[in-house]
Amino acid sequence: MKFMTLFAVALAGSVSWGVAAEIVLNNGFEARTAKYHDHPDIFLGVEAAGWEKLFARGRRLTFDEREFENQTAVDRVSDAGRTQTVGFEGFTLSTAPAYLLSVPRSLGAPGKNGEITGRILFREPVAAAGVGICFATGSLRIQFVGEEGDVLKEYVVHGQPDPEKNNTWQDYFAVFQSTDEFSRVREITFARLNLNKGTTDHFAIDNLCWNPAPVIPPVKLPPVVAADYSLLNGANRVNVAPQVPAGKPSIALKDGVAVLENQLDGTRYTYRFEPKAGLSGITASLNGAPALPITLRMAPELGGRAAAEELVAVRQENDAVIAEYIWKNDRFTLPVTVRLYLSGGSLCFDFSSEKKNVPLRILKPRPEHMRLITNGDNTKFRYNDNIAFFGFGGDLGYLEAPGWFFSYQADWTKTNSTSPAPTITYQSTLDGKTVAPLRDTVAITVADTLPKVLPSIPNPVSPYREELASRVVMEYWYGHFDELGDLLDTYHRYGMDQLVILVHRWQNAGFDRKLPTIMPPSTARGGLDTLKAVIDRAKENGMRIALHDNYKDFYPTSPQWNPDDLMLCSNGKPQRAWADSCEMAPSKILKYAEPNMAEIREKLGPNAGYLDVHSAHLPWWRIDFRAGVPKAGMTAGTLEPNNALWQLARDSYQGPVFGESSPLTSWVHSGRIDAVMAATKHDNSLLVDFQLLKIRPLATNHGAGYFERWNKRGYANDWELAPLLPAEYARYSLNELSFLSSPTIDDKMKRQFLPAAVQYYQKRKIVERLVNQPVKAIWYYTPDNRKLTSSQAVFLPKIQIQRLQLEFADASAIWLNFGKTPWKVDDKLTVAPLGFYAKGKDFEAETGCRDGLWFDYWQGENGCFLNSRNYDWTLEPLGSTYHGRGEGKSPEFHNDGKAVSRGFLRTDTAVSLELEKAGVWRLRFFPHGQAGFVEVRENPMAGRIVRAIALDADGKEYTGNSCDELIHENDSIRIIHRTPGIWSYKLVTE
């Protein structure tokens, strides 16, 4: 596409901004002045009061004469090798104009996506950018684009719906701030949409702002060092130390200095502790290398002031060093016992004191010259895309000189603190004097690879971990109860009974209203009897079904409202929660949950539960400071009621409990709650070590995030209706598989039975097959096929890490290609773009492209599945933000009616073949009314097909008129399917 550069933005006068950005338009565009409101009405991506602050240290341009007084009205650009002069009206001080862009209507046909109509191109990538937008009618798409052409954020905004109101323009200010050092903004693009007759097709831009991107110092990558993943398995852990307690730890206490050593996984760990120097007097060494101080800045504070550490005594007791201290300053004195010991390659500290009522903090360590990978102190930094270990939110660092990795993690299950992170803190309750006695455990780890410093999660394994790996999770947000019943009946007819259905909108007063008063079910959606009938049918078919519940948000509109049951913050005020609700006191949760769950169980009988919010919060985010409540002012005062609530739900419904997720916080609850949505983003990096090594052994999560949170558009117009675009959904599915999550059917796709079949008959089979196979190795590949571990991949731009290989203990393996080009693994294997290949001794699976034909495939011991990608469920518009590709365009991954052959199936539609019992197989079509053919070769089924019986929707022999044809050809049977009333075939073999 040809572009014209209209001008380069450069400031004149005494302030030198440099040539920072340029505005580029499609060839043929017109630029002229226009008045623009200086204060937009709507802010996107930033609060109205926050945009000036965000860019306070950045740059700001308004397009008027003061900035362009030295610019001429023309600028030279190169177009197809020729120099052209493009004119536009000058800027005048009197109008203080914006920069107006005129859009050819041919690029914005009604209901279709327009081409890129304009862009702001930054000469150097920036960390944050914002721009004012003003237009009248139609819609405008704004995209913030990264260095590699990836869309970091997208907004679709709308003007006045009535063309007669063209004089009323809508003002927006759109902002994107990158907190990932690799995801910097290269350009902002604009495209006009929905330009109908009478639409004013101009739009204006003004107030361009940006923050320069920080200079990233180069990193010397560590060598590739393999780790024994069996020592990192996160199941049945008693503390937060990364490795299991193994090796032969030793302790030597001599001349007042303790040396703790262990040999494990090819590494000799040595920690040296000088008790007289206090907590900051600890060094570490690996394999005899020069020791480095690792606990600098680790020190106590009492009452907000630094405290001296007076050593009283030090001794060795079995496997630990015990140091007795008096911590004191001019306000407080606190006797403290510090117990140091090794757990695997980690140095662990147990802090304890019998004395109460001393407010204190223990500052966390920070080794010198350490490059942070994650930072528990900085919430925004914790969104750093590098950490996509499913949102681990603690402290990880890299000591470049020796090539060592570092982690610090407080154990939130063994603390009396108000907050164990980011800094261990003890605060008084509202009586001003009650503070719990010191009790805390932390682990500090130095290692030669990143996986060896990823903390463990000391929670029990979910009792439903294996079962959930065999199920698909359906999110049911919108619809009446009878519609849900009909939908589940259809899934049953397709053989998809291993479902978990999460019903979110069913409550008496509606979703997120009048909580905790939720019974009886909404009459507007069908009432109690209708919902109970649906639940009964689902259970009869082997499904699990859960109803959305919440004991965090207490609404003043609830008949049960009681201010005495609210949580009080340290300022004595209730904690604000969602909408106009307040946080329920953790100690009161069971008071409301027990009778609610008993009534729900008795009158509705669900066999699973869903509890909103609880699993999305770190327990220390919500502390009750009301004096006299159980464990007031303590993390345990919130954590223990949460754990009790999840167990109550399990016991009440005799099934698994699901919950809301946050990529930064939910990991601490893994195993205590049975599953959350494995939340990620469309542009997250793909480092899955933490998810697979620490979370997966405890629980089987599901999905990869709600579509509206995963995609680049967010909660755009009609987000409730719009599924992901085809390439987005392909990437989303790879995210699910890379986490080995239970596949999810998002609410936007619940009536799309073909992609549901792929989730059920392909992805689910892989997750179920591998659930008890520990990960043996995780490899990351660059575009030039360099094979790396996470220790190297974490420092590379995420665009370079788009290919993964997962190896399992039984020699099974999965190759995932998130890239845009084929991945040639070796001479025998090429993985298609946005595809994968998986194999084991008894299965093979692939989403790929061979001989120019796309397909989804699974073959195992008891069945197979093949989707020929000829039924395009994405063809038509699905919500105004999801534009169908329209007729006449070749859809992505579409085979134009050609048949695909894989394993012992050949078809031009989508089919599954499942063993129901010895000698009896069920062949199903997706969707059942789609005409097509399937050939089934007999020999691989260890039997000859002697009979094929057509079955109706209820699985009974079909007795109507049939247009289907059955043809036996040598060693195969060919079924030409044309009859909508035939849903499946029973194939009998001998």
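In this numbering scheme, every chain counts its residues from 1 along its sequence in written order. The predicted origin of the model limits local features to residues at a pLDDT of at least 70 and limits the giving and counting of side-chain atom pairs to 80 or more, whereas totals for whole chains, interfaces and linings rest on all residues. For the side-chain quantities, the full set of heavy atoms in the structure was used; hydrogens and water were omitted.

> How do you make sense of the sheet that holds strand S16 (residues 257–264) when you look at a structure like this?
The strands making up a sheet associate through hydrogen bonds between their backbones, and the pairing can be parallel or antiparallel. Strand order in the open sheet formed by 5 strands is S15-S16-S17-S18-S19, and the pairing between neighbours is antiparallel. The outermost strands of the open sheet, each flanked by one partner alone, are strand S15 (250–254) and strand S19 (292–293). Looking at chain direction, strand S18 (residues 282–286) and S19 are connected through 2 bridges and run antiparallel. Counted as the bridge partner of Ala284 is Leu292 from S19. Strands are labelled as partners when DSSP assigns at least two bridges between them. Helix and strand definitions follow DSSP, with helices as H or I runs of at least four residues and strands as E runs of at least two, each counted in order from the N terminus.

> Is there a simple way to explain helix H5 (residues 481–493) in this structure?
Since the α-helix turns once every 3.6 residues, residues separated by three or four places project in the same direction. Taking 1.5 Å per residue, 13 residues should reach 18 Å; H5 reaches 19 Å between its end C-alpha atoms and fits that length. Between buried and exposed lies partly exposed: a residue is buried under 20% and exposed over 50% of the maximum accessible area for its type, with that area taken using a 1.4 Å probe on protein chains only. Of the residues making up H5, those classed as buried are Phe481, Leu484, Gly485, Leu487, Leu488, Asp489, Thr490 and Tyr491. Any two residues having at least one pair of non-hydrogen atoms within 4.5 Å are treated as being in contact. Here the buried face of H5 lies against strand S32 (472–476), strand S33 (499–503), helix H6 (527–540), strand S34 (544–549), strand S40 (744–745) and helix H12 (753–770). Directly after H5, the chain includes Gly495, whose backbone phi takes a positive value near 80°. In this analysis, the expected span of each helix is defined as 1.5 Å times one less than the number of residues it contains.

> It is not clear to me how the sheet that holds strand S57 (residues 965–969) should be interpreted in this structure. Could you clarify?
The 5 strands lie next to each other as S51-S52-S55-S58-S57, forming an open sheet whose pairing is antiparallel. Of all strands in the sheet, those with a lone pairing partner are strand S51 (900–902) and S57, marking the two edges. The sheet shows a mean angle of 15° between the axes of neighbouring strands, direction not considered. Note that S51 and strand S52 (residues 905–907) share 3 bridges and pair antiparallel. The partner of Val900 across the bridge, within S52, is Thr907. Axes here mean lines fitted to C-alpha atoms, for a helix over just the part in contact, with angles spanning 0 to 180 degrees between N-to-C directions.

> What's the story with the confidence of the model for the protein chain in this structure? I'm lost.
Residues shown with low pLDDT carry predicted positions that ought not to be read at fine detail. A score from 0 to 100, pLDDT tells how confident the predictor is in each residue. Put simply, the protein chain has an average pLDDT of 84, and 82% of its residues get 70 or more. Predicted confidence is poor over residues 884–891, with pLDDT under 50, and the contacts of this stretch with residues over four places away or in other chains come to 14 contacts.

> Where do I start with unusual backbone geometry in this structure?
Note: most peptide bonds trans; most residues except glycine with negative phi. Residue Pro422 is bonded to the preceding Ala421 through a cis peptide linkage, with omega at 0°. Counting through the fold element by element, Pro422 comes out in the loop between strand S29 (404–415) and strand S30 (424–426). Phi is positive for Asn287, which is not a glycine, with a value near 55°. Relative to the helices and strands, Asn287 is located in the loop between S18 and S19. Residue classification places Asn287 among the partly exposed residues on the basis of a relative accessible area of 44%.

> Explain the packing of helix H11 (residues 726–739) against H12 here, please?
Packed helices, taken two at a time, are described by the angle their axes make and the gap between the axes. The N-to-C vectors of H11 and H12 enclose an angle of 25°; their axes lie 11 Å apart at closest approach. Classified by the angle between their axes, H11 and H12 sit roughly parallel to one another. Here H11 runs over H12; the crossing is right-handed. Along its contact with H11, which presents Tyr729, Ser733, Glu736 and Leu737, the element H12 presents Pro755, Gln759, Lys763 and Ile766. Amino acids are sorted into nonpolar (Ala, Val, Leu, Ile, Met, Phe, Trp, Tyr, Cys and Pro), charged (Asp, Glu, Lys and Arg) and polar (every other residue, Gly among them). Across the contact of H11 with H12, the residue classes tally to 4 nonpolar, 2 polar and 2 charged. Put simply, angles under 35 degrees are roughly parallel, angles over 145 are roughly antiparallel, angles from 65 to 115 are roughly perpendicular, and the rest are oblique. Handedness of a crossing is defined here by the sense of rotation of the near helix relative to the far one, left-handed for an anticlockwise turn of less than a right angle and right-handed for a clockwise turn.

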